[in-house]
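Commentary on secondary and tertiary structure
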Amino acid sequence: MPTISIVCGALDGPQKAELIQRLTAAAAEVTQIPTEFFTVTIQELPDENFGIGGRNIGEIKAEYAARSQGLC
């Protein structure tokens, strides 16, 4: 049974459902394995629990939001 695992920030219910559907569909298409054989797990981490370039994701998202609103 193929397993797809993803670690990401918090998602709401519709986002999780769409992610599971799309990951499964793409993997089934590429591998030619029927979708019903796939298992998908989502591990959610708070933005403060992982980082890139020495900054946590919460900080990066806040900076991006400020830039998008023309505040930086």
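Coordinates for the structure precede this section.
A quick note: this is a predicted structure, and the numbers were derived from the prediction, not measured.

1. Description of the overall build of the protein chain
Secondary structure assignment for the protein chain yields two helices and four strands. In sequence order, the protein chain lays out its α and β elements as β-α-β-β-β-α. Against the globule reference of 11 Å for 72 residues, the protein chain gives a C-alpha radius of gyration of 16 Å, more extended than a compact globule. With respect to the principal axes defined by its C-alpha atoms, the protein chain has extents near 50 × 25 × 20 Å. For the protein chain, restricting intrachain contacts to residue pairs at least 6 apart in sequence, the fraction spanning at least 24 positions comes to 52%. Of the roughly 5300 Å² of accessible surface on the protein chain, 57% is carried by carbon and sulfur atoms.

2. Let's talk about the pattern of salt bridges
Inspection of the entire model under this criterion finds five salt bridges. We note a salt bridge from Lys 16 to Glu 44, for which the minimum N-O separation is 2.9 Å. Taken together, the positions of Lys 16 in helix H1 (residues 13–31) and Glu 44 in strand E2 (residues 39–44) put the pair 28 residues apart, joining distant regions of the chain. Note on Glu 44: relative accessible area 32%, which makes it partly exposed. Linking Asp 47 and Lys 61 is a salt bridge whose minimum nitrogen-to-oxygen distance equals 3.1 Å. Taken together, the residues span a long stretch of sequence, with Asp 47 in the loop between E2 and strand E3 (51–52) and Lys 61 in helix H2 (residues 57–68) at a distance of 14 residues. Taking relative accessible area as the criterion, Lys 61 reaches 45% and is therefore assigned partly exposed. What you see here is one network of salt bridges that share partners, running through Arg 55, Glu 63 and Arg 67.

3. Considering unusual backbone geometry
One non-glycine residue, Gln 32, adopts positive backbone phi at about 65 degrees. Structurally, the position occupied by Gln 32 is in the loop between H1 and E2. Taking relative accessible area as the criterion, Gln 32 reaches 65% and is therefore assigned exposed.

Basis of the calculations
- Residues numbered from 1 in each chain as written.
- Predicted model: local features only at pLDDT ≥ 70, side-chain atom pairs only at ≥ 80, totals over all residues.
- Heavy atoms only, no water.
- Helix = DSSP H or I, 4+ residues; strand = E, 2+ residues; numbered from the N terminus.
- Rg over C-alpha atoms; globule rule 2.2 N^0.38 Å.
- Contact = heavy atoms within 4.5 Å.
- Areas by Shrake-Rupley, 256 points an atom, 1.4 Å probe, with all protein chains shown as cover.
- Salt bridge = Lys/Arg side-chain N within 4 Å of Asp/Glu carboxyl O.
- Buried < 20%, exposed > 50% of the residue type's maximum accessible area, 1.4 Å probe, protein only.

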